[in-house]
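A look at the structure
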Amino acid sequence: MCGIVGYLGNSKNPKDVIISGLKKLEYRGYDSAGIAVMNEGKTKRVRASGKLKALEDKLLTEKIDGNVGIGHTRWATHGAPTERNAHPHQVRGISLVHNGIIENYVEIREALLADGATITSDTDSELVAHLIANEIDSTKDLYKAVEKTLCKIRGAFSIVVMWEQNPNQLVAFKDGPPLVVGLGSEENFVASDVQALLQYTRKFIYLDDREIVLLNGQDVSIFSANGYPLQKKAVELNWDPQMVEKQGYAHFMLKEIYEQPRAVAAAMEPHVNTEKFSVRLKNVGFGSLVNKLEDLDPAQDWIKTQEVLKGIDRIFIIACGTSSYAGMVGKYLIENIAHVPVEVDIASEFRYRNPVIPPKSLVMTISQSGETADTLAAIRLAKEKGATTLSICNVRNSTIDREAHGHLYMNSGPEIGVASTKAFTSTLTVLNCLAVAIGRIRDVISDKQEKEFVQALLSAPSQMEVVLAYDKYFDQAAHTLKQFRGFLYLGRGVSFPIAMEGALKLKELAYMHAEGYAAGEMKHGPLALIDERMAIVMLAPSDELYEKSISNLEEARARGGQVIAIGTGDNDKLKAISKYYLSLPKAHWTINPLLEAIPLQLMSYHLASSLGYDVDQPRNLAKSVTVE
Ligand code: F6R
C-alpha cells in the first residue's frame, strides 16, 4: 500500500520527478516518506516521518541532484512510522524501496543477524536490501543479485533498487502490488501507479507478477523471474494530468463528489443507446486480453457476452468496503430486474471459506483500484474453481482487470480521495446497466420495461446535480451534528446498503461511531443504543417500503433518537417526525441509491472538516489496499 517512484535519465533532476510523483501517490500511504538520488556513484538519502510535506520541507535545505533516484511514501506494516523505518533502505551502496509484505521476514532477519549483519530498522524491507547486498558481493551485478534474491523471499511485494557501482541502472520487480514502467524520450520511470507519471509520459508497460525490469541507460528490458527475456507491449493512455489536480476544490474528495453527475454519465455512456433507450454492454471482452479490448468487433463481442450471461444461473459479487456495498445494491438490482440469484461476499471472507461455486456461476468482482489484495485473491480462487469471472474496475489494466475473463469499467477518472465517492456511484450505474442487460438477454423484462429503466438511468446525472446543493447545507449543519455521540444509519431494500456506506464514510472520515443497519433489524438489538445523543439517519424514499420505514422511524423517535430523514420530495410526514429533513428529487427506485449517497458523502465530508480532520487522507488508511 506504499507508493514507489523511480527515475533514470539525464534531462530532469530525479528529485523533482520523484517528489511530484509521490504527491500523486500519497493516497497509497502517508506516514513517512523518503528519497535517494545517485550522482556519479554517490547516493544521497533524505527521509522524514509524517506526510510528504515533512520530506519536502527537509529537502528545501538539501542540495540533491543526479541522474537516477528512487522515492517512497509509506503505509506502515512492519515497524512504526518513524524516520529510521522510512524508505529507501540502504545497505552497502544498495538503496531500495519496497511496497508489500515479506512473509518470511522473521527467518530472514534471524539468519542475517546470525551472519553479523547490522540491521538499522524494524522493517521487513531493509532485509531485502541486505539479501541483495549479499548477492552482489559474488555477482557484482545488480540485476543478477535481485534475481537471486527473489527465491529467498516470500510474500507480496514490489521493489525498486539501485546500486552505487552501476550508476546507470535501476532494477524493479513485481509480485503482487502494482508497478508500471513509464517510457520517455531518453529517460524512463517506474511507479506504483500511472498517476505518478502522467505529467511526464502517457506510454506505459504494466508489469505482471514475477517480472523483473532492468532500466539500463536508455534501454528497458523485462524478464521473467527466472531470467527469460519478455516482449511486452506498451499501452498509450489518454488520461489528462489535469484530472489528478484539485482544480480549485478544497479537497480531492469534494471535487470527486461534485464530479459524480459526469462520472455517472461516463459510466453508462458505452452501454446505453440514448435513442432507443436500450442497453447493450460494450466490449466486455469475455476471454480477451485487456489491452486488445479496443480492437474487438462490438457485434461479435455482444454475441459472446449474451452467450455468457444466458448460460449462468447465479452470480457471486465479491468486493471489500465501499465496493462491497455497491455489490449489495447490485444484488437488489439484479435479483429484481433479471431474476438471477446473487450472493454478495466480502473478499477477505470468500477467499478463506472454501466457497462452493457451482458450475454456471458468474463470479463478479468490484474494485475501484483493481489492486485490492483480498479481491484479487478471490478472483484467482474463483478461476481455480472453474468459474467465469467478470470485473468492474475503475483503473484499466489494473491486476484484477487483467486477470478477469470479462471487463466492465466505472469510467470515473482518477479517484484520489481515500474515501471512495464517484467510483461508488459509477459502479451503481454499471450495475444498473448490467441488471437491465441480463434482464433483457434472459427475456425477464420487456422492451417497455427496459426503456423505463434506461430513461430512469439517463435522468440520474441531472437529479444528482440537484442533490449536490446539500454541500452548503451540511457546511452549516456540521457544527450542530458533531455534538452527537453516535449515528445509526437505517435503510430498507436498495437503501440498506446505502445506510452501510453512509456509516462507513462517517467512521473513516470523522472518526465517529456510526453503524449501518437494515431498518427492520432495529428491534432485534440496536434499539437499545438509542437516546437523545444518538442521531438516526433514516433513508426513506417514496418506494414500496416507505410505510415500513416510517414505522421503524417512529420506533426510534419514541426512544429519544434525533432523526435526520432523507426522503422524496416535499414530504410533510417525514418533515413532521424528523429534526432535519433532506428532500431528494422524485426518482425511480433503481436511481434512489445514487441520489441518497450524495448527502451522506457531504455530511461525512463536512463533519470531518469541521472537526479539523484531513478528509483526503484519513488516519491509518490508504487508498489501494494491496496487503491482506
Ligand atoms: C471506503 C473505501 C474502501 C474501498 C475498499 C476497496 O471509502 O474507499 O472501503 O472501497 O478499500 O477498494 P477497491 O474498490 O479499490 O477494491
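The rules behind each value
Residues numbered from 1 in each chain as written. Predicted model: local features only at pLDDT ≥ 70, side-chain atom pairs only at ≥ 80, totals over all residues. Heavy atoms only, no water. Core = buried A, V, L, I, M, F, W, Y, C linked by side-chain atoms within 4.5 Å. Buried < 20%, exposed > 50% of the residue type's maximum accessible area, 1.4 Å probe, protein only. Helix = DSSP H or I, 4+ residues; strand = E, 2+ residues; numbered from the N terminus. Contact = heavy atoms within 4.5 Å. 1 Å grid on protein atoms, 1.4 Å probe; cavity = no way out; pocket = protein on both sides within 12 Å on 5 of 7 lines; lining within 4 Å. Points joined across faces, edges and corners; volume = space filled by probe spheres on them. Nonpolar A, V, L, I, M, F, W, Y, C, P; charged D, E, K, R; others polar. Pairing = 2+ DSSP bridges. Axes fitted to C-alpha atoms, helices over the stretch in contact; angles between N-to-C directions. Phe/Tyr/Trp six-rings, centres within 6.5 Å; stacked < 30°, edge-to-face > 60°. Domains from an automatic or database assignment. Buried area = accessible area lost by both parts, 1.4 Å probe. Salt bridge = Lys/Arg side-chain N within 4 Å of Asp/Glu carboxyl O. Polar contact = N/O pair within 3.5 Å; in protein donor to acceptor, adjacent residues only side chain to side chain. Parallel < 35°, antiparallel > 145°, perpendicular 65-115°, else oblique.

Residues Leu281, Ile315, Ile334, Phe487 and Tyr489 are the most contacted members of the largest nonpolar core, which totals 95 residues. Per element, the largest residue contribution to this core is 12 residues, and it comes from helix H13 (residues 422–441). If we skip the residues at most four places from it in the chain, Phe487 touches Leu481, Leu506, Met512, His513, Ala514, Glu515, Met534, Ala535, Val537, Ile564, Met603 and Leu607.

What the rule picks out here adds up to two cavities of 30 Å³ or more. Quantified by volume, the largest cavity comes out at close to 80 Å³. Cys2, Trp75, Thr77, Gly100 and Ser125 are the residues nearest the centre of the largest cavity, which is lined by 13 residues in total. Per element, the largest residue contribution to the lining of the largest cavity is three residues, and it comes from strand E6 (residues 94–102). Grouping the amino acids of the lining of the largest cavity by side-chain chemistry returns three nonpolar, eight polar and two charged. For the second largest cavity, the calculated volume is near 40 Å³.

This part takes up the sheet that holds strand E18 (residues 314–319). The parallel open sheet is built from five strands, whose spatial order is E19-E18-E20-E21-E22. At either end of the open sheet lies a strand with only one pairing partner, and these are strand E19 (342–346) and strand E22 (406–409). Each neighbouring strand pair of the sheet contributes to a mean axis angle of 20 degrees, computed without reference to strand direction. Across five bridges, E18 lies against E19 in parallel orientation. Within E19, the residue paired with Phe316 across the bridge is Glu343.

Turning our attention to the packing of aromatic side chains. One pass over the full model with this rule turns up 11 aromatic pairs. Aromatic pair Phe157 and Phe173: ring centres 5.8 Å apart, planes at 35 degrees, arrangement tilted. Of this pair, Phe157 sits in strand E7 (residues 155–163) while Phe173 is found in strand E8 (residues 169–175), placing the two residues 16 residues apart along the sequence. Here the aromatic rings of Tyr470 and Phe474 are separated by 6.5 Å at their centres, their planes lie at 50 degrees, and the arrangement is tilted.

With that out of the way, let us pick up the sheet that holds strand E27 (residues 580–584). Pairing within the open sheet is parallel, and its five strands lie in the order E24-E23-E25-E26-E27. Only two strands of the sheet have a single partner each, and these edge strands are strand E24 (513–518) and E27. Between one strand and the next, the sheet's axes are offset by a mean angle of 15 degrees, whatever the strand orientation.

Moving on, we get to the domain arrangement of the protein. Each assigned domain of the protein is listed with its residue range as follows: domain 1 (3–242), domain 2 (249–467) and domain 3 (470–610). Put simply, the middle of domain 2 and the middle of domain 3, counted by C-alpha atoms, are 26 Å apart. Counting residues at the interface gives 34 residues for domain 2, matched by 31 residues for domain 3. For the pair domain 2 and domain 3, the summed buried surface comes to about 2800 Å²; carbon and sulfur atoms form 74% of the total. Ranking the residues of domain 2 by area buried against domain 3 places Tyr325, Tyr332 and Val467 at the top, with a combined share of 23%. Here domain 2 and domain 3 share zero salt bridges between them. Taken together, domain 2 and domain 3 are joined by 10 residue pairs in polar contact (both at pLDDT 80 or more). Those elements that provide at least two residues to the side of domain 2 that touches domain 3 are helix H6 (252–258), helix H7 (260–268), helix H9 (321–338), H13 and helix H14 (447–467). The residue makeup of the side of domain 2 that touches domain 3, split by class, is 22 nonpolar, 11 polar and one charged.

On to the pairing of strand E9 (residues 180–183), then. In E9, alternate side chains face the same way, and those of Val180 and Gly182 on one face and Val181 and Leu183 on the other are all buried. Both E9 and strand E10 (residues 187–191) contribute to a ladder of four bridges, which runs antiparallel. By the bridge assignment for E10, Leu183 is matched with Asn188. From the end of E9 to the start of E10, which pair antiparallel, there are three residues, and Glu186 there has a positive phi angle of about 60 degrees.

Turning our attention to the packing of H7 against H14. Interhelical geometry of H7 versus H14 gives an angle of 170 degrees and a closest axis separation of 8 Å. Considered as vectors, H7 and H14 are oriented roughly antiparallel to each other. Contacts from Gln260, Pro261, Val264, Ala265 and Met268 in H7 reach Leu457, Leu458, Ala460, Pro461, Met464 and Glu465 in H14. When the residues that make up the contact of H7 with H14 are grouped by side-chain class, the tally is nine nonpolar, one polar and one charged.

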